[in-house]
Amino acid sequence: MKLPDFEYRAPDTLAEAVVLLASSEGARPLAGGQSFLPIMAFRLAEPTMLVDLKKIQELRGIQVSEQGVRIGAMTRWREILDDPRLKAAIPLLPEAIEHVAHYQVRNRGTIGGSLAHADPAAEMPAVALALDAQIEAMGPKGRRMIAAQDLFVGPLMTSLETDEIIVAVHIPAGPSNRRYGFQEFSRRRGDFALAGIALSYDQDAQGRAANIRIAAFSIADTPVRLKAAEAILNGKIVDASTIAAAAAAASGEVDPAGDIHASARYRKALVGTMLTRALERAAADAR
Amino acid sequence: MATQFEVNGRKVSVNVQPRMTLADCLRHELKLTGTHVACEHGVCGACTVIMDGEAVRSCLTLAVQAENSKIVTVEGLSPAEGLSPLQQAFKHHHALQCGFCTPGMLTTLHALLSQEPNATEERIRDVISGNICRCTGYVTIVEAALDARSAYQAGSEKA
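Residues numbered from 1 in each chain as written. Chains lettered and ligands numbered in written order. Predicted model: local features only at pLDDT ≥ 70, side-chain atom pairs only at ≥ 80, totals over all residues. Heavy atoms only, no water.

## Side note on the interface of chain B and chain A
Many descriptions give the size of an interface as the accessible area lost when the pieces come together. Every contact between the two is made by 32 residues of chain B and, on the other side, 29 residues of chain A. Across the interface of chain B and chain A, roughly 2600 Å² is buried in total on both sides, 49% from carbon and sulfur atoms. Looking only at chain B, the three residues that lose the most surface to chain A are Arg19, Leu60 and Gln65 of chain B, adding up to 25% of its buried area. Taken together, chain B and chain A are joined by four salt bridges. Aspartate 24 of chain B is paired through a salt bridge with lysine 2 of chain A; the nearest N and O atoms lie 2.8 Å apart. At the junction of chain B and chain A, the tally comes to 17 residue pairs in polar contact (both at pLDDT 80 or more). Secondary structure elements with two or more residues in the side of chain B that touches chain A: strand S3 (48–51), strand S4 (54–57), helix H3 (102–115) and helix H4 (121–127) of chain B. Grouping the constituent residues of the side of chain B that touches chain A by class yields 14 nonpolar, ten polar and eight charged. (Contact = heavy atoms within 4.5 Å. Buried area = accessible area lost by both parts, 1.4 Å probe. Salt bridge = Lys/Arg side-chain N within 4 Å of Asp/Glu carboxyl O. Polar contact = N/O pair within 3.5 Å; in protein donor to acceptor, adjacent residues only side chain to side chain. Helix = DSSP H or I, 4+ residues; strand = E, 2+ residues; numbered from the N terminus. Nonpolar A, V, L, I, M, F, W, Y, C, P; charged D, E, K, R; others polar.)

Written out as structure tokens, the structure reads:
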């Protein structure tokens, strides 16, 4: 499994990278390469040019403010896990990222690369959906913001133009009563999940849930919001009976495909179980 | 492409195609065959090397991406004479049988213990879950890593 041939460029600035990407139809950006190099090895991608983003300072760094956090696209998983500010501001992020691949891959894999890769079984796209993240992208026509729900259009497919680069991920700060939950099931920790859930909601003074966002992954071509389960929980207290009703709705509203790893029926049941556990954790989390 | 980096403390210059992985460059261009290559798509961990102090998969890193970095392979772990404390612990605990995964295990654990000399058994198990071993059942590898921690805690071992 050797890689196909390509030209390699490593520009110093974002502007140069955009020009390079626009210069050739087969040019693709290279972030951490932890997913892209394998799909090149499998000949699922055969770029004629790789534009390595590693030298571009503008794509790095984590900013935390009252409005939320901005994470540069080339920020590695390792750096997110090591940042105590993020753990305090958005606990869902480190909790989910601990499930991303293995130790060595987390030392090179990046948040922007994962979002642009858009693997339906990956954690970060679902987390972006559950956190209502905005993706900042740059192309020859300038900058634009893309809501996470508009970014993922199919397996390994996004609404990014081929000459656009993800610059940063913006995650709005939640109120102090925001609850988070994350669960996934995989045969070996670090492997791709058979099914998983990322969710957030705000708990009012009476203990009722509002603004709930439940994203399921590894059960469709993209991560998906579980609207039926959300409708059951919004305005209700998250307890054993509402969790059971939401889990049943979740299993009913997803239509996963079966594969060698798990049958469709098993995955449907698993979605309900993962949602149950994620909600139980979120409800018990008295921060 | 002409690419320069440092391997085990030695400056090297190679002329490679961009598509050559760091693993293949180490083995074929630099004849450092201690780095093993198995799955070649980031699943097995056998090709793990230490890049600027961090364990990385050399099959998921291009040789041209290693430009100006410091690489340590399994060959770079041993002192001039004998074995490193981690290698000695592997020998003592019989932490290998066929030995194919061992270079990746050693480099991964060396990077981990250099940064986290007090790593718990749970942490060690989580970290080497990214390295496939089909002989040992991992028990003796974990024992060796726990045993080797004292050398890193004392500061005599660093990545």
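From this point, things continue past the structure.
## Some details on the domain arrangement of chain A
Annotation of chain A at the domain level lists domain 1 (7–52), domain 2 (57–172) and domain 3 (179–284). One C-alpha centre belongs to domain 1 of chain A, the other to domain 3 of chain A; they are set 35 Å apart. (Domains from an automatic or database assignment.)

## Quick word on the sheet that holds S4 of chain B
Residues and elements named next belong to chain B. Within the open sheet, the five strands sit side by side as S2-S1-S5-S3-S4. Their pairing is mixed. The sheet is open, and its two edges are formed by strand S2 (10–15) and S4, each paired on a single side. Put simply, the sheet's adjacent strands are angled 40 degrees from each other on average, direction ignored. Direction of pairing for S3 relative to S4: antiparallel, over a ladder of four bridges. Bridge pairing in S4 links methionine 51 to glutamate 54. (Pairing = 2+ DSSP bridges. Axes fitted to C-alpha atoms, helices over the stretch in contact; angles between N-to-C directions.)

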